[in-house]
Amino acid sequence: MAGTGLGSPGLDLEKLRMAGAGLALAVLTSGGDAQGMNAAVRAVTRMGIYVGARVFLIYEGYEGLVEGGDNIKQANWLSVSNIIQLGGTIIGSARCKAFTTREGRLQAAYNLVQHGITNLCVIGGDGSLTGANIFRTEWGGLLEELVKEGKITEEVSQTYRHLNIVGLVGSIDNDFCGTDMTIGTDSALHRIMEVIDAITTTAQRKYILSERMKIPSVKPITRSRGSRLNIIIIAEGAIDRNGKPITSSYVKDLVVKRLGFDTRVTVLGHVQRGGTPSAFDRVLSSKMGMEAVMALLEATPDTPACVVSLSGNQSVRLPLMECVQVTKDVQKAMDEKRFDEAIQLRGSFLWAADISFLPPGQSNFSIAILNVGAPAAGMNAAVRSAVRIGICQGHTMYAVNDGFEGLSKGQIREVGWHDVAGWLGRGGSMLGTKRTLPKTCMEKIVENVRKFNIQALLVIGGFEAYEGVLQLVEARGQYDELCIIMCVIPATISNNVPGTDFSVGSDTAVNAAMESCDRIKQSASGTKRRVFIVETMGGYCGYLSTVTGIAVGADAAYVYEEPFTIHDLKANVEHLTDKMKTDIQRGLVLRNEKCHEHYTTEFLYNLYSSEGKGIFDCRINVLGHLQQGGAPTPFDRNYGTKLGVKAVLWMSEKLKEAYRKGRVFANSAESACVIGLKRKTVSFSPVTELKKVTDFEHRLPQEQWWLNLRLMLKMLAHYQISLTEYVSGKMEHVTRRTLSIEKGF
């Protein structure tokens, strides 16, 4: 995300901040509400105030914009306090027929000019954003008309002659081209998974979770194999290749008639829009909201209206109408039954992770799978998909219990398709996992690799998994048996494995910590002036505390990567003392467990209690192992599943390349890798190369992308810090070509 958007790379952001003084910007939410909209409203409001602008909240969407009056209110910092965890939108959303007419837009323009507003942030779907662009295009003509009608003067018209528009896509449907995820999608997936998990418990035995609508593949034999529950998920707009709707009642009748199964229909409806937003949506919305303000500050009369989008883990700006046009092209392709083209236009995220329908392959290769390190949600999903794709490839699949220790003790067994049934939504590690490293039992590991003729090793786990594979690779010179294919799938709540932006399990851990902090904050609703000090896990890596801090609106988050002194602690106490003088008499401070050798959680408690005496009192909460437990989130289920598939497909190719004279022999650096997601690209990084960029003492990558989020946490918590470190999103373009490039998922 290098560069500073539309300006030059050397643009002084502090000067840009000063340019915000005197500006007036407004934010509105439009269309169907989506979880995370409040977090976006909060970020736009606070970032706007931070740069010196006057910020207005427009209530009831475009309807409020047309009606004006009390629907347009200036906001202050506290106007958006304690809303980040709320679903829906506190400023309301309504569909407005009047705004679709020129008369309605004329009245809206008048209302904005009355408040001096020439910068508008619209949070909604493609219809809402298209309406905003029309409004911007007509703006000059609307002001001329207002002058002719005598409602405004020519001087006022010239003062406010340009309208800047920035859009944020808020939609649970994730149906907007150009962004990986729209605000609300992840939260909706959480609601759907919660319902499906609840339904699966009614079977009390194994189940099949089908994401495809393909009746011929559902055979009565599944019952005879012990599967009492089959789930079919249907999108509300599902159609067959002839354009005929596929309804839930149609599918139910078909299953009952063809297969004779007792069948029930559950329509989720608006429950998908409800509930508290997920951590992902809160962070996404906060990031997008801040970037929207920066885009408005940098906008010129020649700048096209843009939409702030997500690309991997970074914010980018895209021309609004380019995105809208491609989105319309998708619908046109669907209407004309050009389904392959529609999928291509929607982007690579539609890559199917459902392996139920892959044809079986043939091979003589064997792959062993083990979990290493602490349990992480999503490990089981990765094992399940790896086993099943391996079987589809024709490999012999072995499961190893208790990590490298189990491998040394021969706790190895062949596994089949149904042995991993029902693992997708299970937390923890079904295989069992330990932290033991190979160097403590190398001879016995080599012996069992030889005994079971293991030709590839898939290690799913945290830093120990990476370090363990590195030890095996470095022992290849001594043991030929270790000249096999190896792959590490990063799975740890700490998110501290080099070679990837995200580890399987970290999303679930952040959500678990966030939910606990939400409850902690709520417990203070009847108590005045209290500061909570919450300790998170993560070792030396501060990812968990930083992202959780953003998601819950924490006042501070102490991490090892950003050294702090007693002077910083004193400044934080003073900040909270000032905060207690406002209506929000509650503070939340997060501390990563190994952020400082001497400034322990107990030390912070004593310091805050002493310095805050007479102003606020303190409480300690150590979240502990609840961050490792629980069912995996939709992200971790999908991420684990896809990494499992990608890893085994990569290993299959490497096995073929390394097979010579009746055996597998692989000793190149590229034969032992960490699979990871870097921005949007799935990559395989040799463990020997990653060694150069690893801090082994503190078990960390030397560079971590999420440190850029620290600035956002502080700015939204009202700390007065420099804008010079802020990295603006650059303007990109969305075309059919860029959408069709395979970039991962």
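Cut-offs used in this document
Residues numbered from 1 in each chain as written. Predicted model: local features only at pLDDT ≥ 70, side-chain atom pairs only at ≥ 80, totals over all residues. Heavy atoms only, no water. Disulfide = S-S within 2.5 Å. Buried < 20%, exposed > 50% of the residue type's maximum accessible area, 1.4 Å probe, protein only. Helix = DSSP H or I, 4+ residues; strand = E, 2+ residues; numbered from the N terminus. Pairing = 2+ DSSP bridges. Right-handed = clockwise from strand over helix to strand, strands pointing away. Patch = residues over 30% accessible without salt bridge, like charges linked within 9 Å, V, L, I, M, F, W, Y side chains within 5 Å. Areas by Shrake-Rupley, 256 points an atom, 1.4 Å probe, with all protein chains shown as cover. Salt bridge = Lys/Arg side-chain N within 4 Å of Asp/Glu carboxyl O. Lys, Arg positive; Asp, Glu negative; His and termini not counted. Charge placed at Lys NZ, Arg CZ, Asp CG, Glu CD. Phe/Tyr/Trp six-rings, centres within 6.5 Å; stacked < 30°, edge-to-face > 60°. Lys NZ or Arg CZ within 6 Å of the ring centre and 35° of its normal. Core = buried A, V, L, I, M, F, W, Y, C linked by side-chain atoms within 4.5 Å. Contact = heavy atoms within 4.5 Å. pLDDT = per-residue confidence, 0-100.

All chains considered together, the criterion is met by zero disulfides. Here C121 is not disulfide-linked; the sulfur of C306 is the nearest cysteine sulfur, at 9.4 Å.

Quick look at the pairing of strand β2 (residues 54–58) now. β2 sits mainly inside the fold: four of its five residues count as buried. As paired elements, strand β1 (residues 24–29) and β2 share four bridges and run parallel to each other. What sits directly across from A26, in β2, is F56. Where the polypeptide runs from β1 across helix α2 (residues 37–50) and back to β2, its parallel neighbour, the crossover connection is right-handed.

Before going further, it helps to examine a negative patch on the surface. A cluster of acidic residues, D126, D173, D175 and E236, forms a negative patch at the surface. Examined against the element boundaries, D173 turns out to sit in the loop between β5 (164–169) and α7 (185–200).

Quick look at the pattern of salt bridges now. Counting across every chain of the model gives 28 salt bridges. Ionic pairing is found between E464 and R699, a salt bridge with its closest N-O pair at 3.1 Å. In this pair, E464 sits in helix α16 (residues 463–474) while R699 sits in the loop between β24 (694–695) and β25 (700–701), placing the two residues 235 residues apart along the sequence. Owing to a relative accessible area of 6%, E464 belongs among the buried residues under this scheme. On the accessibility criterion, R699 (28% relative accessible area) is partly exposed.

Here we come to the pairing of β5. In terms of residue burial, β5 counts as a mostly covered element, since six of its six residues are buried. Where strand β4 (residues 119–124) and β5 come together, six bridges link them in parallel fashion. Each residue of the ladder has a partner; that of G124, found in β5, is V169.

Tracing the backbone shows D302 in the loop between α10 (279–298) and β8 (306–311). C-alpha separation for the pair D302 and N164, spaced 138 residues apart in sequence, amounts to 10.0 Å.

For the structure shown, the criterion picks out 18 aromatic pairs. Judged by centre distance (5.2 Å) and plane angle (70°), the rings of Y540 and Y560 are edge-to-face. Remark: Y560 occurs in the loop between β17 (556–558) and α19 (566–579) and Y540 occurs in the loop between β16 (530–536) and α18 (543–552); sequence separation between them is 20 residues. Note on Y540: relative accessible area 26%, which makes it partly exposed. For K73, the ring lying beneath its charged end belongs to Y59, and the centroid distance is 5.3 Å. The ring of Y110 carries the charged tip of K151 above its face, separated from the ring centre by 5.7 Å.

This brings us to unusual backbone geometry. Unusually for a residue other than glycine, N495 sits at a positive phi of about 55°. Looking at the secondary structure, you find N495 in the loop between β15 (485–490) and α17 (506–523). Assessed through its relative accessible area of 5%, N495 is described here as buried. Positive phi outside glycine occurs at R699, with the angle close to 55°.

A word on the nonpolar core. L168, I369, L458, I460 and I489 are the most contacted members of the largest nonpolar core, which has 115 residues in total. For this core, the leading source of residues is α10, giving eleven residues. Leave out the neighbours within four places in its chain, and I369 touches V383, A386, V387, M397, Y398, A399, V400, L431, L458 and I460. In this structure, L106, L112, I152 and L163 belong to the second largest nonpolar core, which totals 38 residues.

Glancing now at the confidence of the model for the protein chain. When pLDDT is averaged along the protein chain, the result is 87, and 90% of the positions lie at 70 or above. Counting interchain partners and residues more than four positions distant, the pLDDT-below-50 stretch residues 1–11 has 25 contacts. Taken together, the stretch residues 204–209 has pLDDT below 50 and engages in 22 contacts with residues farther than four places along the chain or on a different chain.

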